[in-house]
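# Observations on the three-dimensional arrangement
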Amino acid sequence: MKNKFSEYYYLSEEQLKAIIENNSDNTLYVFDTNAFLSIYDVSKETAETTLEIFEFVGNHSWMPYQVGLEFHRNRINKFKKRRTIIADSKSDMATSTSEIRRIFKDEVLFDKQLDPEIKSLVEKLCKKGEALLADKLTEAEDREKNDVYLSRIENIYSEDKIGNPLNKQQYEVLQKTMDKQWEKKKGLGSKDYDDKKNQFEIYPGNFVFCNAYGDPVIIEEIRNEVSRRNQNQPILENVVFVSNDQKSDFITELANGQNAPQFYLQRYMCEESENYAVPLKQFVQVTLEEFVNHMIGKIPSRSETQITEAAKEIGVLAEKDDFITSVESNEFMGKRKLSKDAFLSMLLEMKIANSSNLMRSLKKMKEIHDLHNPNIPLEQTALIFSKRNENMHWEE
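Overview of the structure.

Conventions we followed
Residues numbered from 1 in each chain as written. Predicted model: local features only at pLDDT ≥ 70, side-chain atom pairs only at ≥ 80, totals over all residues. Heavy atoms only, no water. Helix = DSSP H or I, 4+ residues; strand = E, 2+ residues; numbered from the N terminus. Buried < 20%, exposed > 50% of the residue type's maximum accessible area, 1.4 Å probe, protein only. Contact = heavy atoms within 4.5 Å. Areas by Shrake-Rupley, 256 points an atom, 1.4 Å probe, with all protein chains shown as cover. Salt bridge = Lys/Arg side-chain N within 4 Å of Asp/Glu carboxyl O. Phe/Tyr/Trp six-rings, centres within 6.5 Å; stacked < 30°, edge-to-face > 60°. 1 Å grid on protein atoms, 1.4 Å probe; cavity = no way out; pocket = protein on both sides within 12 Å on 5 of 7 lines; lining within 4 Å. Points joined across faces, edges and corners; volume = space filled by probe spheres on them. Nonpolar A, V, L, I, M, F, W, Y, C, P; charged D, E, K, R; others polar. Pairing = 2+ DSSP bridges. Axes fitted to C-alpha atoms, helices over the stretch in contact; angles between N-to-C directions. Expected span 1.5 Å × (residues − 1). Lys, Arg positive; Asp, Glu negative; His and termini not counted. Polar contact = N/O pair within 3.5 Å; in protein donor to acceptor, adjacent residues only side chain to side chain. Core = buried A, V, L, I, M, F, W, Y, C linked by side-chain atoms within 4.5 Å. Parallel < 35°, antiparallel > 145°, perpendicular 65-115°, else oblique. Left-handed = near helix turned anticlockwise from the far one by under 90°.

When you go through the chain residue by residue, the secondary structure sums to 15 helices and seven strands. With 396 residues in all, the chain has 41% of them scored as buried. Expressed as a percentage of contacts within the chain between residues at least 6 apart in sequence, the contacts between residues at least 24 apart total 69%. Split by element, the accessible area of the chain, about 22,900 Å² in all, is 49% carbon and sulfur.

In structure tokens form, the structure reads like this:
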């Protein structure tokens, strides 16, 4: 029975640890796009630690073409976004300093004799703020021109460690398969479809590619690579897929609380078929935070504290991204849309600082809102109930 239904038998902690920390020829490490992009959002220390871990498993790593494509596209967007944030901050600073200077020049409010001293302090403060933002902008521009993180990733992934894009025929076959599953709201990528169904790119081979098929393409590329490697000399047994994607079309929670790839995904990667003669024994998915924690004691230049702190920062970043995704998808609110600012305001009023049960908390508050206050803003409901119940815990 276990062989027939192997995808329903989860690994013990010891078995999982042995596979993740294997770092030998029978295990292939594949990092999702979000793992590479995370180094641009964390501190320099955490980025350096993460890059050293990428390098440590580099000899047994491989990059799907789709991951490389998404990484390069979104890496540019990361820099654009940072420049925009700094530019907006400079604009806000200019407005603020102008107003501060105007206020402190008001002779009705301030004694003329004190004005020179106050003016000097105000000018120092304003100039320091303006200089700081100017330095930040220069730093961002220099970092984009000389991206040392990109250089180190390039050194790990030579051309023979990067997959080839699907051709048009392969893409169309995959597209038809996924469309049938998505019609039933099932299958890998079903959670992304509504958000990405109108996002298109020109793919190598000069055909139009819909971004909704990104995750299925990555899995198909991995499967093709496993088949290619095991065709002549079957030695590849495990794939460790490192991704912060925790959506339910990708991940399922097992009875022991452990997260694992969805059953149909494990079956697809570990079951023999006509064009997949030597399948994997195990297809494992972990978050980047979990993977970094598994590297304690493996990186000579990094202490246990450094790796633990890096993992913690990566985990906080992943939770923040989940918050934003929740707002943008509005999963917990049905058709009603809520701005990001209102969402963050609502979390503060609900006294949720960093809850792992965020979605359950929001759903509970939505039920309260719909029952008692359907005609007022949702964030106002949070404020009212927080004031009435100072010690309440929404996630209970």
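Let us keep going from here.
Side chains bearing opposite charge may pair, as long as their charged atoms lie close to each other. Overall, the coordinates contain 18 salt bridges when judged by the stated rule. With a closest N to O distance of 2.9 Å, Lys17 and Glu21 form a salt bridge. Among the ionic pairs, Glu309 bridges to Lys312, the shortest N-O distance being 3.5 Å. Of the two residues, Glu309 and Lys312 are both situated in helix 12 (residues 304-329); the distance of three residues between them amounts to about one turn of the helix. Of the residues examined, Lys312 reaches a relative accessible area of 47% and is grouped as partly exposed. Because the salt bridges share partners, they merge into one network encompassing Asp192, Lys196, Asp245 and Lys247.

Across all of its chains, the model carries 20 aromatic pairs by this definition. Relative to Tyr157, the ring of Phe36 has its centre 5.7 Å away and its plane inclined at 85°; by these criteria the two rings are edge-to-face. Placement of Phe36 in helix 2 (residues 33-37) and of Tyr157 in the loop between helix 6 (148-156) and helix 7 (168-183) is noted, with a sequence separation of 121 residues between them. Across this residue pair, the class does not change: Phe36 and Tyr157 are buried.

Next up on the list: the layout of surface pockets. Volume-wise, the second largest pocket comes out at about 550 Å³. Forming the walls of the second largest pocket are 21 residues, and the residues nearest its centre are Leu174, Thr177, Glu220, Arg223 and Tyr268. When residues of the lining of the second largest pocket are traced back to their parent elements, those giving at least two are helix 7, helix 9 (214-230) and helix 10 (263-270). Of the residues that constitute the lining of the second largest pocket, the class distribution is 11 nonpolar, seven polar and three charged.

Here we take up unusual backbone geometry. Backbone geometry places Asn23, a non-glycine residue, at a positive phi of 50°. Examined against the element boundaries, Asn23 turns out to sit in the loop between helix 1 (13-20) and strand 1 (27-31). For Asn206, which is not glycine, the phi torsion reads 60° and is therefore positive. For Asn206, the location among the structural elements is in the loop between strand 2 (200-203) and strand 3 (207-210). Judged by relative accessible area, Asn206 falls into the exposed class, the value being 67%.

This part takes up the sheet that holds strand 1. Judged by pairing direction, the sheet is parallel, and its three strands sit side by side in the order 1-4-7 without closing on themselves. Both outer strands of the open sheet, strand 1 and strand 7 (282-286), are each paired with one neighbouring strand and no more. Neighbour-to-neighbour, the strand axes of this sheet turn through a mean angle of 20°, independent of strand direction. Direction of pairing for strand 1 relative to strand 4 (residues 238-242): parallel, over a ladder of five bridges. Bridging across to strand 4, Phe31 finds its partner in Val242.

Here the focus is helix 3 (residues 44-56). End to end, helix 3 covers 18 Å across 13 residues, agreeing with the expected 18 Å (1.5 Å per residue, within 8%). For helix 3, the complete set of buried residues consists of Thr46, Ala47, Glu48, Thr49, Thr50, Leu51, Glu52, Ile53 and Phe54.

Residue placement: Glu70 occurs in helix 4 (residues 65-104). With no salt bridge to any partner, buried Glu70 finds its closest opposite charge in Arg73, at an N-O distance of 5.6 Å. A distance of 2.6 Å separates polar atoms of two side chains, one belonging to Glu70 and the other to Thr33. Contact partners of Glu70, with chain neighbours within four places excluded, come to Thr33, Gly214 and Ile218.

Looking now at the nonpolar core. The biggest cluster of nonpolar side chains holds 70 residues, and the ones touching the most others in it are Phe31, Phe36, Ile222 and Phe291. The contacts of Phe291, once residues within four sequence positions are left out, are Ile20, Tyr29, Phe31, Ile53, Val57, Val240, Val242 and Val286.

Between helix 7 and helix 9, the shortest axis-to-axis distance is 11 Å and the interhelical angle comes to 125°. The angle between the axes of helix 7 and helix 9 places the two elements in the oblique class. At the point where helix 7 passes helix 9, the crossing takes the right-handed sense. Along its contact with helix 7, which presents Gln170, Leu174, Met178 and Trp182, the element helix 9 presents Pro216, Val217, Glu220 and Asn224.

Another aspect to go through is the environment of Glu201. Looking at the element boundaries, Glu201 is found in strand 2. Residue class for Glu201 comes out partly exposed when judged on its relative accessible area of 28%. It is 7.2 Å that separates the C-alpha atoms of Glu201 and Asn211, two residues lying 10 residues apart in sequence. Once residues within four sequence positions are removed from consideration, Glu201 is found in contact with Arg73, Phe207, Val208, Phe209 and Asn211.

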